[in-house]
Amino acid sequence: MGQKKDLTGSEKSKIVRYLAEACSSLKIAKLLKRDHRTIKRFIQNSQQGRKKRVEKPRGKITAHELRKVKRAAAKMPLATSLAIFQSCNITGVPKSTRCAILRDMAKVRKAERRPPLNKTHKLKRQDWAKKYLKTDFSKVLWTDEMRVSLDGPDGWARGWIGKGQRAPVPLRRQQGGGGVLVWAGIIKGELVGPFRVEDGVKLNSQSYCQFLEDTFFKQWYRKKSASFKKNMIFMQDNAPSHVSKYSTAWLARKGLKEEKLMTWPPCSPDLNPIENLWSIIKCEIYKEGKQYTSLNSVWEAVVAAARNVDGEQIKTLTESMDGRLLSVLAKKGGYIGR
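A brief report on the enclosed structure follows. Since this is a predicted model, take the numbers as computed values, not measurements.

Rules of the game
- Residues numbered from 1 in each chain as written.
- Predicted model: local features only at pLDDT ≥ 70, side-chain atom pairs only at ≥ 80, totals over all residues.
- Heavy atoms only, no water.
- Patch = residues over 30% accessible without salt bridge, like charges linked within 9 Å, V, L, I, M, F, W, Y side chains within 5 Å.
- Areas by Shrake-Rupley, 256 points an atom, 1.4 Å probe, with all protein chains shown as cover.
- Salt bridge = Lys/Arg side-chain N within 4 Å of Asp/Glu carboxyl O.
- Lys, Arg positive; Asp, Glu negative; His and termini not counted.
- Charge placed at Lys NZ, Arg CZ, Asp CG, Glu CD.
- Helix = DSSP H or I, 4+ residues; strand = E, 2+ residues; numbered from the N terminus.
- Buried < 20%, exposed > 50% of the residue type's maximum accessible area, 1.4 Å probe, protein only.
- Pairing = 2+ DSSP bridges.
- Axes fitted to C-alpha atoms, helices over the stretch in contact; angles between N-to-C directions.
- Parallel < 35°, antiparallel > 145°, perpendicular 65-115°, else oblique.
- Left-handed = near helix turned anticlockwise from the far one by under 90°.
- Contact = heavy atoms within 4.5 Å.
- Nonpolar A, V, L, I, M, F, W, Y, C, P; charged D, E, K, R; others polar.

Let's talk about a negative patch on the surface
A contiguous patch of negative charge on the surface is contributed by Asp310, Glu312, Glu319 and Asp322. Tracing the backbone through its elements, the reader meets aspartate 322 in helix H15 (residues 321–330). Judged by its relative accessible area of 41%, aspartate 322 falls in the partly exposed class.

Put into structure tokens, the structure is as follows:
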């Protein structure tokens, strides 16, 4: 069978009919006695369809339009480049040009996840900073809980993909497929824990105190000297299970009361250095978009990542407290970042 350049109208009609009958391109070539490549080329061109004619995009915008874009970008944080330009009634500008223009006046950033601060919160943060300004923070045990999911904090990751390679397809599970609640503490250059909260346990006042008894007190605190216990200050945030009457009384019986139990200002995760430790651990366990198939595997990853955090890194975090307090006072109680 010889290869011909063009298919006739009759042959094209037959190809369409054969395709509707679920015939393969190879079978159609044999039926029409045409070269298989000719049949495949016609099918591919038919599937691609005709290209729509588009107007030539604009390459530049005027100085007046540029000023409008700048004002719109300031009024519409986290908006797309298309939304910003449409709000200015500027059309016909391709995405690459829009992004190049915006890059000179803005940055692509994620929304910051932090609780809002009102006037009362800021005043309490300032009072807290003044109260502890002369504290020896090497004696403070900073504690917190962190939840790690199987799919990571965002459920997705992005990065460079080589040419000719396909991006990996992440697993899709409702609410990250579950997760593990982790508790830990840092003091001076030492990491306490991490300890895993039993799966399915909700930390109310009773379960929180029992958890501390089984992990922190029995496995770490009881091994410390009397002088260490006398000077140590215990820090925890204002979670309901932490500051309830039950938990406060229970901690007092353990000797953690009054000046040995640090008061904590509201809405202040940026003041707790252990939050930076959580960031270090999460960056390690979720690097390259890694996901996990079981709760035990993600817990093992947390333990391994925590083991790789050296004492100097922890010491850097705990020694940052003097600077954080000064920043809070300088910003009149506002957020200081982490």
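Some remarks on the pairing of strand S1 (residues 140–149)
Counting buried residues in S1 gives nine out of ten residues, a clear majority hidden from the surface. Bridge analysis of S1 against strand S4 (residues 233–235) gives three bridges, and the strand direction is parallel. Pairing of leucine 141 across the sheet is with phenylalanine 234, part of S4. In terms of strand pairing, S1 meets strand S2 (residues 179–187) through eight bridges, oriented antiparallel. Paired with threonine 143 across the strands is glycine 185, a residue of S2.

Structural notes on the packing of helix H7 (residues 119–131) against H15
H15 packs onto H7 with a crossing angle of 140° between their chain directions and a minimal axis gap of 9 Å. Classified by the interaxial angle, the pair formed by H7 and H15 is oblique. In this structure, H7 meets H15 at a crossing whose hand is left-handed. Contacts between H7 and H15 involve Arg125, Gln126, Trp128, Ala129 and Lys130 from the former and Met321, Leu325, Val328 and Leu329 from the latter. For the contact of H7 with H15, the per-class residue count stands at six nonpolar, one polar and two charged.

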